[in-house]
Amino acid sequence: AEDGDLVDIVSAETPFYGESGGQAGDGGMIELADGGLIEVHDTLKPRQDLIMHRGKVLKGPIAPDAAATFRVDHERREATRLNHSATHILHAALREFLGAEVHQAGSLVTADRLRFDFTYGSRVEAEQLTAIEDWVNDRIRENAEVRSTEMAFDDAVAAGALAARRMVLPIEAYIDTCSRHNEQPLEAIATALSSEASVGLRIANLKLVPPLTPSTP
């Protein structure tokens, strides 16, 4: 590959997060030992055991099997991480105000925005949307701890953790729990602000999440 070429790079190992569970993949740079340089625009996960870096050659040529250093864009990753945790709190707010009839139907989490798709039997009124927004921002200000616990998927769901679908992981699921208290994992699921079976990057405390600001379609 030469300067300006668009390329897909697969490596034996990578620190880059591949797009999964609605969360966008990492961006960054790949620096080859011989001086080659690739700007990674996106990182994809076309199957469970394959991560693919998609980007543009800034300095070629690029040869197969070259030694390389991978540098993640940490500012982009951190912004994406914050929006990921915000989707869990938004989901909890929707169920708090609209009831258990709300079911997640998809999501998109990037560095600059989040979108949460859900099913509900009727229109959500403007007053309800305002109340949901206020509730989310109040929870952010509570500085609740976010903990990620790995446990059997069926055990987590039986304890009350939400799950949009059966996790891709065959046995274990990561449970993101936003809790005001220092309970044990299964106790925290039952009493937390939010508990969801989840993949993706997460934060340590909700105080890091910026206030929720709805966008106009």
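Use the structure listed above.
Residues numbered from 1 in each chain as written. Predicted model: local features only at pLDDT ≥ 70, side-chain atom pairs only at ≥ 80, totals over all residues. Heavy atoms only, no water.

Peer 1: In this structure, what is going on with the sheet that holds strand β2 (residues 28-32)? I would like to understand it.
Peer 2: Pairing between sheet strands relies on hydrogen bonds along the backbone, with the strands arranged either parallel or antiparallel. Within the open sheet, the 5 strands sit side by side as β1-β4-β3-β2-β5. Their pairing is antiparallel. Both edges of this open sheet fall to β1 (6-9) and β5 (68-72), since each of them pairs with a single strand only. With direction set aside, neighbouring strand axes in the sheet form an average angle of 35°. Judged from the 8 bridges that link them, strand β3 (residues 37-47) and strand β4 (residues 50-59) form a sheet pairing that is antiparallel. Bridge pairing in β4 places Leu37 opposite Lys59. (Pairing = 2+ DSSP bridges. Helix = DSSP H or I, 4+ residues; strand = E, 2+ residues; numbered from the N terminus. Axes fitted to C-alpha atoms, helices over the stretch in contact; angles between N-to-C directions.)

Peer 1: Sorry, what's going on with the packing of helix α1 (residues 74-98) against helix α2 (residues 126-141) here?
Peer 2: Between two packed helices, both the angle of their axes relative to each other and the distance between the axes serve to describe the pair. The contact between α1 and α2 brings their axes to 9 Å, and the two run at 130°. Between α1 and α2, the angle is such that the two are oblique. Where α1 crosses over α2, the two elements pack in a sense that is right-handed. Along its contact with α1, which presents Ile89, Leu90, Ala92, Ala93, Leu94, Glu96, Phe97 and Leu98, the element α2 presents Gln128, Ala131, Ile132, Trp135, Val136 and Arg139. Here the residues of the contact of α1 with α2 are counted per class, giving 11 nonpolar, 1 polar and 2 charged. (Parallel < 35°, antiparallel > 145°, perpendicular 65-115°, else oblique. Left-handed = near helix turned anticlockwise from the far one by under 90°. Contact = heavy atoms within 4.5 Å. Nonpolar A, V, L, I, M, F, W, Y, C, P; charged D, E, K, R; others polar.)

Peer 1: Just to check I follow, could you spell out unusual backbone geometry for this structure?
Peer 2: Following Gly60, the chain continues into Pro61 via a peptide bond in cis, with omega recorded as -5°. Phi at Asp65 takes a positive value of approximately 65°, unusual for a residue other than glycine. Here Asp65 shows up in the loop between β4 and β5.

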